[in-house]
Amino acid sequence: MSPAAEAATRTARRSTRFVAWVRAWRAGLVPFDELADEIAADEEHLVADAPGTWTDVPLGQGLPIFAKLHPDEIRLVLPVPGDPRGLPGPGELTSAALLAGEAVMTAEFGVVPEVRRHTSGSGVEFETVLWRVRPAPEHRPVFQMGAAEAEAELTAALTEATTQLTKLDVAQWKPELAGALQALRRPESTATLPPGFDPRSRRLFARASVLDQVLALAGTNAPGGAVNGYEAQARDEALRPLTAACRQALVAACNAPLHA
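So, how was this worked out
- Residues numbered from 1 in each chain as written.
- Predicted model: local features only at pLDDT ≥ 70, side-chain atom pairs only at ≥ 80, totals over all residues.
- Heavy atoms only, no water.
- Axes fitted to C-alpha atoms, helices over the stretch in contact; angles between N-to-C directions.
- Helix = DSSP H or I, 4+ residues; strand = E, 2+ residues; numbered from the N terminus.
- Parallel < 35°, antiparallel > 145°, perpendicular 65-115°, else oblique.
- Contact = heavy atoms within 4.5 Å.
- Nonpolar A, V, L, I, M, F, W, Y, C, P; charged D, E, K, R; others polar.
- Pairing = 2+ DSSP bridges.
- Buried < 20%, exposed > 50% of the residue type's maximum accessible area, 1.4 Å probe, protein only.
- Arc of directions from axis to C-beta.
- Salt bridge = Lys/Arg side-chain N within 4 Å of Asp/Glu carboxyl O.
- Core = buried A, V, L, I, M, F, W, Y, C linked by side-chain atoms within 4.5 Å.
- Phe/Tyr/Trp six-rings, centres within 6.5 Å; stacked < 30°, edge-to-face > 60°.
- Lys NZ or Arg CZ within 6 Å of the ring centre and 35° of its normal.

Caption draft 1: Quick look at the packing of helix H2 (residues 14-26) against helix H3 (residues 32-40). Their axes nearest at 10 Å, the elements H2 and H3 cross at an angle of 170°. Accordingly, the angle class assigned to the pair H2 and H3 is roughly antiparallel. Contacts from Arg-17, Phe-18, Trp-21, Val-22 and Trp-25 in H2 reach Phe-32, Glu-34, Leu-35, Glu-38 and Ile-39 in H3. For the contact of H2 with H3, the residue count by class is seven nonpolar, no polar and three charged.

Caption draft 2: Up close: the sheet that holds strand E2 (residues 57-58). Across the sheet, six strands lie side by side as E2-E1-E6-E5-E4-E3; this open sheet has mixed pairing. Edge positions in the sheet fall to E2 and strand E3 (75-77), since each has one partner strand and no second. Contacts from H2 reach strand E1 (44-48), E3, strand E4 (103-105), strand E5 (109-119) and strand E6 (125-135) within the one sheet, and its direction differs from that of E6 by about 55°.

Caption draft 3: View of H3. Considered for burial, the residues of H3 that qualify are Leu-35, Ile-39 and Ala-40. Seen along its axis, H3 keeps its buried residues to an arc of 95°; they face one direction. In H3, the exposed positions angled more than 90 degrees off the buried face are occupied by Asp-33 and Asp-37. Those residues of H3 that are buried lie in contact with H2, E1 and helix H4 (59-62). Looking one or two places after H3, you find Ala-41, whose phi comes out positive at around 55°.

Caption draft 4: Representation of the pattern of salt bridges within the structure. As enumerated under the stated definition, the model contains 14 salt bridges in all. Glu-43 is the salt-bridge partner of Arg-14, the closest N and O atoms lying 2.6 Å from each other. Taken together, the residues Arg-14 in helix H2 and Glu-43 in the loop between H3 and E1 connect sequence positions 29 residues apart. By relative accessible area, Glu-43 is classed as partly exposed at 26%. Overlapping salt bridges bring together Asp-49, Glu-92, Glu-114, Arg-132 and Arg-134 as one network.

Caption draft 5: Geometry of the nonpolar core. Counting 56 residues, the largest nonpolar core has Phe-18, Phe-66, Leu-154 and Leu-242 as its most contacted members. Taken together, the elements giving at least two residues each to this core come down to H2, H3, E5, E6, helix H6 (147-167), helix H9 (199-218) and helix H10 (229-254). When residues of this core are assigned to their parent elements, the largest contribution, 11 residues, is made by H10. Contacts of Phe-66, omitting those with residues within four sequence positions, involve Phe-18, Val-22, Trp-25, Arg-26, Ile-74, Val-104, Thr-106, Phe-109 and Val-111. With nine residues, the next largest nonpolar core counts Leu-93, Ala-96, Ala-97 and Ala-103 among its residues.

Caption draft 6: Seen up close, the environment of Pro-51. Mapped onto the fold, Pro-51 is located in the loop between E1 and E2. Taking the relative accessible area as the measure of exposure, Pro-51 reaches 63% and is therefore exposed. Distance from Pro-51 to Ile-65, taken between C-alpha atoms, is 7.5 Å for residues 14 residues apart in sequence. Those residues in contact with Pro-51, other than ones at most four positions away along the chain, are Ile-65 and Val-133.

Caption draft 7: Looking closely at the packing of aromatic side chains. A complete count under the given rule lists four aromatic pairs for this structure. Here the aromatic rings of Phe-18 and Trp-131 are separated by 4.4 Å at their centres, their planes lie at 45°, and the arrangement is tilted. Pair noted here: Phe-18 is in helix H2 and Trp-131 is in strand E6, with a separation of 113 residues, a long-range link. For the pair shown, Phe-18 and Trp-131 are each scored as buried. Ring geometry for Trp-25 versus Phe-32: centroids 5.1 Å apart, planes at 55°, classification tilted. Three or more aromatic residues joined by ring pairs make a cluster, and in this case those are Phe-18, Phe-66, Phe-109 and Trp-131. The ring of Trp-25 carries the charged tip of Arg-26 above its face, separated from the ring centre by 5.0 Å.

Structure, rendered in structure tokens:
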């Protein structure tokens, strides 16, 4: 895999880690003291508009808003325009989640990450993540696919997309994507779930996390305009079902039942 493709497959969506680790905490499987570090990794994370706070607070100070919730009441949502499943009706929360492409939902509130980019005085660029809490009174989760079915659909969608991209001769105009898709046949992902998730959910999460980043890479055009309008449209059509299956797989894995 090229350096560009490899870089694009290193990180998962932030809400996936947030949901997985908070759910494991609420199931009594991981201590609270580990949560903030596991969610944030090497980034700075803050929480805004949490009940009882008057300013942005460090992530560890915002997480207690989940303290009274059952693990199954904490859900990952990965919406896109035209598919807002898992979100409440129109409003500020839904708009923010659609813009971010991700959210953490409960029956009373939702949390959406906002990535802020900064430049230090020495010119070094860095990011902070602000998790903004918004009310969602009486929100109820919708039916979701289980991990087994989501895994089967992801495998089928990957096979079909690979076939279509081969016909489009993607290797000629998008070698990074071709190499990354080939690597997915034997993915080696460092994306992991915390204790409590079964082997199928772990396998599905690892594979879908890598694929999610590959698809982000696929959505960019090669430098110098090497991809024309027809090629870009054909690529997008080939990848659309795979993109939907990938989002579905991440949701199914992170929202799967937990086991002691």
